Amino acid sequence: LLPAIGTPGPQVVIEAGGHTAQVNKLFFTADSKELVTVGHDQTIRVWDVETGDLKRVLRLSPFGHGNAAASPDRKTVALYNGEGALLFVDVETGKIRAVRTDLMTGSWISALGFSPDGQSLAVGTNGHDCFVVDVKTGRRTQGFAPGAHIQAAVGFSPDGKSLTAFNEAPEFYDLTTRQSKGMNT
């Protein structure tokens, strides 16, 4: 019996191995011994790289759109649940570290990305919005409105001082000066 996160009581689940829907994100653990996959079947699956065996399945219900990001230490996955909440999931245990439901108004999350130090999470939305969340507190710390309607990707610079939102062209946001600039396309 595997209880699904966010659902009452245990459920009987027969695992045949692979995902039953599209895989949207994958990443290696920090030691490169495990591969973590996040799928539209509302599961995170952890695989042994050497043997190819499925080691564990983390069930998350509900989560939508398959938007996920791995922390730099590969111990936490940030997910959007499709209902306005961000989930921070411990890959080893499956425990949810934090759930934030008050970050959005009328939009869904289209892109996620951790800062190099793992302390911040960049969030891009379909509502012409991009913002930064403090991972420990779950609070919005900064935000800007790039030119594109849907943010297809977000990411921090290696030094963590700039944030990029991208759809048709990148737009940069300096986290120190809080100034944004687009690229010539």
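That block above? That's the structure.
Note that the structure is a prediction, hence the values are computed from the model and not measured. (Residues numbered from 1 in each chain as written. Predicted model: local features only at pLDDT ≥ 70, side-chain atom pairs only at ≥ 80, totals over all residues. Heavy atoms only, no water.)

Q: Could you give me a rundown of the packing of aromatic side chains, with the residues and numbers involved?
A: The tally for this structure, following the rule as stated, stands at 0 aromatic pairs. Here Arg 140 stacks its cationic end above the ring of Phe 131, 3.8 Å away from the centre of that ring. (Phe/Tyr/Trp six-rings, centres within 6.5 Å; stacked < 30°, edge-to-face > 60°. Lys NZ or Arg CZ within 6 Å of the ring centre and 35° of its normal.)

Q: Can you tell me about the sheet that holds strand E12 (residues 140–144), naming the residues and giving the values?
A: With antiparallel pairing, the 4 strands of this open sheet are ordered in space as E9-E10-E11-E12. At either margin of the open sheet sits one strand with a lone partner, and together these are strand E9 (109–114) and E12. Between one strand axis and the next, the sheet turns through 20 degrees on average, direction left out of account. Inspection of the sheet shows strand E11 (residues 130–134) paired to E12 by 4 bridges, in the antiparallel sense. Considered in E12, the bridge of Val 133 is made with Arg 140. (Pairing = 2+ DSSP bridges. Helix = DSSP H or I, 4+ residues; strand = E, 2+ residues; numbered from the N terminus. Axes fitted to C-alpha atoms, helices over the stretch in contact; angles between N-to-C directions.)

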